[in-house]
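Each chain, letter by letter, is given below.
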Amino acid sequence: MREENDHTKSQITSVWVRDPRIQKNDFWHAYIDYEICLHTDSVCFTKKTSSVRRRYSEFVWLRQKLQANSLLRVRLPELPPKNPFFSLNNARQIGDRMKGLQKFLEQILQSPLLLSDSCLHLFLQSQLSVAKMEACAAGRTHYSVAQAVERCGLRRFHSVEDLQKDLSMSCDSDSDSSECRDPEHKIKDLGINKSKSSALLDLMGTSQEETLSCSSGST
């Protein structure tokens, strides 16, 4: 038992909040999101390195969910306060907020109880929206938390037809392969039946972006 505790203590989890970027919803509305980089050898994480982008309001959501799920057994660290005069063009304000967000995550990751919370893992290692994170953590999606984390960074398709088209294109690029067949058969070979394909599409989202990259700007 003592050796197990010593092993747990020796595990390292490092997190960085960096690379602030201005994202525009439309001509009048913009916000800043930040890259969250995680590197760990902890058994609590199946993915040892990851990079996602999150905005301040998503940090607020995370803290609220962690507080509610912990049933007040853990005193959560504070987030940097919301500043009504926060400016997207003020480098000092942005830098101070980044430091505060990183300190918040560093303290969160020191709690074994919080490390068991699915919302934390989805926040740190998936690019799901707040609504989809809540649904996934509550078991209301066709995909699991582990699948959401694993899928982060894979191509995002608009529809089943796009999925078939992509498989067809990949087949055409390797026309000598004996595995090149009708895309519908290819999907079955990959274990993606009609019910599973809807889960895959739901997981990958319906954004207009061609690619979902954990290191690129995303809402």
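Calculation criteria
- Residues numbered from 1 in each chain as written.
- Predicted model: local features only at pLDDT ≥ 70, side-chain atom pairs only at ≥ 80, totals over all residues.
- Heavy atoms only, no water.
- UniProt positions renumbered as here; feature names shortened; annotations may be inferred.
- Phe/Tyr/Trp six-rings, centres within 6.5 Å; stacked < 30°, edge-to-face > 60°.
- Helix = DSSP H or I, 4+ residues; strand = E, 2+ residues; numbered from the N terminus.
- Buried < 20%, exposed > 50% of the residue type's maximum accessible area, 1.4 Å probe, protein only.
- Lys NZ or Arg CZ within 6 Å of the ring centre and 35° of its normal.
- Pairing = 2+ DSSP bridges.
- Axes fitted to C-alpha atoms, helices over the stretch in contact; angles between N-to-C directions.
- Contact = heavy atoms within 4.5 Å.
- Polar contact = N/O pair within 3.5 Å; in protein donor to acceptor, adjacent residues only side chain to side chain.

Taking an unreviewed UniProt entry as the reference, the protein is identified by name as Sorting nexin-10B isoform X2 belonging to Stegastes partitus. The annotation that UniProt attaches to the protein under Sequence similarities (unreviewed entry) is "Belongs to the sorting nexin family."

> I'd like a rundown of the packing of aromatic side chains, residues and numbers included.
In the structure shown here, the tally under the stated rule is 3 aromatic pairs. When the centroid spacing of 6.5 Å and the interplanar angle of 65 degrees are considered together, the rings of Phe59 and Phe104 count as edge-to-face. Here the residue Phe59 occupies a position in helix H2 (residues 56–69), and Phe104 occupies one in helix H3 (residues 91–108), the gap between them amounting to 45 residues. An identical accessibility class is assigned to Phe59 and Phe104; each is buried. Residues Phe59 and Phe123 carry aromatic rings whose centres are separated by 5.0 Å and whose planes lie at 75 degrees to one another, so their mutual orientation is edge-to-face. Of the two residues, Phe59 is situated in helix H2 and Phe123 in helix H5 (residues 118–125); the sequence distance between them amounts to 64 residues. Among the residues examined, Phe59 registers a relative accessible area of 0% and is labelled buried. Three or more aromatic residues joined by ring pairs form one cluster here, namely Phe59, Phe104 and Phe123. Against the face of Tyr31 rests Arg55, its NZ or CZ located 3.7 Å from the ring centre. The lysine or arginine in question, Arg97, covers the ring of Phe86, its NZ or CZ lying 3.9 Å from the ring centre.

> I'd like a description of the sheet that holds strand S1 (residues 13–24), backed by residues and values.
Within the open sheet, the 3 strands sit side by side as S1-S2-S3. Their pairing is antiparallel. Every other strand in the sheet has two partners, leaving S1 and strand S3 (49–55) as the edge strands with one partner each. Sheet twist, expressed as the average angle between the axes of neighbouring strands with direction ignored, equals 20 degrees. Bridging between S1 and strand S2 (residues 30–40) involves 10 bridges; their strand directions are antiparallel. From the neighbouring strand, Val17 faces S2, where its bridge partner is Ile36. Lying over the sheet, H2 contacts S2 and S3, oriented at roughly 105 degrees with respect to S3.

> Describe in detail the environment of Ser116, supporting the description with residues and values.
As for its placement among the helices and strands, Ser116 is situated in the loop between helix H4 (112–115) and H5. Residues Ser116 and Ser70 lie 46 residues apart in sequence; the distance between their C-alpha atoms is 10.0 Å. Looking at Ser116, its side chain comes within polar contact range of the main-chain oxygen of Leu113, at 2.6 Å.

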